[in-house]
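Architecture and fold: a report
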Amino acid sequence: PGAMTTPLTVEMGSNISNVTNVNSSRRDVRTKLSSVSSKLSNFEIGFAQLNRKMSLDEDREADPPGSTSTMASVANLVITMVGAGILNFPGMFATTGYLVTPCVLAVVALIVCEIGRVMNESINIIEARRRRSPRPMLRPQRYDDLMEAAFGPRGKLFSLFAMNGTLLLVDALYLILIGQTLQYLLNGWRWMPWKIAYKTCVVAMSTIMACLTLFDDMAFITRMANIGCVTCVVYVLTIATAGFRYGIAGNFPVKSENGQDMSFPVQAYDACPADWLAPFSVMTKCLLCFAYQPCIPTVRAEMENPERMGFSIKVACFSTFSVYALAGAGGYYGFGSKADRESVLNNMISDTGSKMPEGLVLSSAVALNLFVTFPILMNVVNRAAENALIGKYCAPVRMVLLALCVSIAIFMPYFNVLMGLIGAIPVCILLTLVPLVMFWKLVHDDGVKVPYRNLQIVWHCFVVLFGLLCLGMGSSLAFEDLRKNLEKGSRDPFWA
């Protein structure tokens, strides 16, 4: 009887086997979903990673384990660079022409890629010093760690003050763009009988940001930072789609100053700029749009294979160059020399004068991305100020810093001008010139042999010359634009 096999036994055995296979398949699916979720969680803006490091001061791990893959690190660097500044690129093409602007963009991409390589090599030198040291040393995880290793405590103090001051200005820039974007989204509807002023949008958004600024734990905001990957794609698609639509049509709609009449001019394209000083203004803005250098030590510290950081930097810079070039060329193709210098959103109207779908999607993506990025970046500045002044959480310090941002956004609501100022002065100094000085100081102090030393010296001399020209010419042009805008703004009603 034990050797007998009935049809019922065979059927039961078959059913049990099927159930086992189904359960196994479900476990495999859950495992794969968990793996995908884990990989997606590693995609975040570099400033979100920096925010975590800012919460750890003296108690940081000496050698923190990394878990981010190489391609995730590339994506993190790309979404750190590709931000709302992309709205300015069609205007940059209109300023310097379709032949000069790509060349300027390529030069800036090469230079920021070299600065990233230099910073990565500086980290390697510090890591080697740490391995040789008889006493335990912390692994460099922030920009000020590199400055301290090269220039001592004074270098660290300078970098903390200067870098976080720059990030505070960038936050003010974000607030300006949030106000302009909300103004675009809310005004111009038939069911809206009144017009909402820009400063009303800034004050309203500042009230919300004040509540978020008081939070020290940004985990709930950081989890939303993954939308940066999506918004990067939305930025390019919406600008390029709108541009190609009107470029193929051969004309585009323009509203008159009174906002009632419509005209449809034909696109006009320029190969070169009318003013040969204009490329310096575009260079400084591009430097700001490529500014990922503060996050390099942090992104590298969280990499599973930090030796692949050099590859990640090259791919990220090339990808960002491609994104900016496509968005700028697409917008310029559609609007020509009339592409708005402040924001391409101002060009995005339909043939009837209403908002075009691409503009609504683009402005929504900008507002959503900045709503997440602003408090994260603000928290980095807040923690640095608290550590320097008090040593613990302090709500009044946070409110004072936010008030500074709001004041800049209200009294200097010039996105294009402020971009030029930030790119010309702090970005040129801190993120272009200082890393080179830091690298050669570490090379000299540690007696490191640099391959192709003479060639690197020549290349770095060119980078220094580029940085000094941008600093001098870019800042003078930005201050002149600021003076003109302030004179014009003084004649307008305050709450316009």
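Scroll up to find the structure this text is about.
The structure presented is a predicted model; accordingly, all values stated were derived computationally and were not measured. Starting afresh in each chain, residues are numbered from 1 along the sequence in its written order. Note on the predicted model: pLDDT of at least 70 is required for a residue's local features to be given, and 80 or more for side-chain atom pairs to be given and counted; whole-chain, interface and lining totals, by contrast, use all residues. Each side-chain value is derived from all of the structure's non-hydrogen atoms; neither hydrogens nor water enter the calculation.

This next bit is on the packing of aromatic side chains. What counts as a ring pair is set by centres within 6.5 Å for rings of Phe, Tyr and Trp (its six-membered ring), and what kind of pair is set by the plane angle: stacked under 30 degrees, edge-to-face over 60, tilted for all other angles. Tallied over the full model, the rule gives ten aromatic pairs. On the basis of an interplanar angle of 55 degrees and a centroid distance of 6.0 Å, the ring pair of Tyr246 and Phe335 is categorised as tilted. Of the two residues, Tyr246 is situated in helix H8 (residues 227-249) and Phe335 in helix H11 (residues 309-335); the sequence distance between them amounts to 89 residues. Of the two residues examined, Tyr246 and Phe335, each falls in the buried class. On the numbers, 6.5 Å between centres and 10 degrees between planes, the contact of Tyr269 with Tyr333 is stacked. Under the scheme used here, helices are H or I runs from DSSP no shorter than 4 residues and strands are E runs no shorter than 2 residues, and both carry numbers assigned from the N terminus. Only protein chains enter the accessibility calculation, which uses a 1.4 Å probe; a residue whose area is less than 20% of its type maximum is buried, one above 50% is exposed, and one in between is partly exposed.

On to the packing of helix H12 (residues 357-389) against helix H13 (residues 395-411), then. As a rule, the C-alpha atoms of each element are fitted with a line to give its axis, helices using only the stretch in contact, and angles between N-to-C directions run from 0 to 180 degrees. Contact geometry for H12 and H13: axes closest at 10 Å, N-to-C directions at 125 degrees. Relative to H13, the element H12 lies oblique. When the axes of H12 and H13 are compared, the crossing they make is right-handed. In this structure, H12 contributes Phe374, Met378, Asn379, Val381, Asn382, Arg383, Ala385 and Glu386 to the contact, and H13 contributes Val397, Arg398, Leu401, Leu402 and Cys405. Only Asp, Glu, Lys and Arg are considered charged, only Ala, Val, Leu, Ile, Met, Phe, Trp, Tyr, Cys and Pro nonpolar, and every remaining residue, Gly among them, polar. Considered class by class, the residues forming the contact of H12 with H13 number eight nonpolar, two polar and three charged. Any angle that is under 35 degrees is reported as roughly parallel, and any over 145 degrees as roughly antiparallel; angles of 65 to 115 degrees are reported as roughly perpendicular and all others as oblique. Crossing chirality is assigned from the near helix's rotation relative to the far helix, an anticlockwise turn below a right angle marking it left-handed and a clockwise turn marking it right-handed. For this analysis, residues touch if any pair of their heavy atoms sits within 4.5 Å.

With that settled, consider the pattern of salt bridges. A pair can form between side chains of opposite charge whenever their charged atoms are brought close. Any carboxyl oxygen of Asp or Glu that lies within 4 Å of a side-chain nitrogen of Lys or Arg is treated as forming a salt bridge with it. Enumeration over the complete set of coordinates arrives at 16 salt bridges. Asp446 is paired through a salt bridge with Arg132; the nearest N and O atoms lie 3.2 Å apart. Taken together, the residues Asp446 in helix H14 (residues 415-446) and Arg132 in helix H4 (residues 89-132) connect sequence positions 314 residues apart. The class of Arg132 is exposed, set by a relative accessible area of 56%. Asp144 serves as the salt-bridge partner of Arg142, at 3.1 Å between the closest nitrogen and oxygen. As far as the burial class goes, Arg142 and Asp144 line up, both buried. Taken together, the shared-partner salt bridges connect Arg142, Asp144, Asp145, Glu148 and Lys156 into one network.

Nothing here speaks to function; it is geometry throughout.
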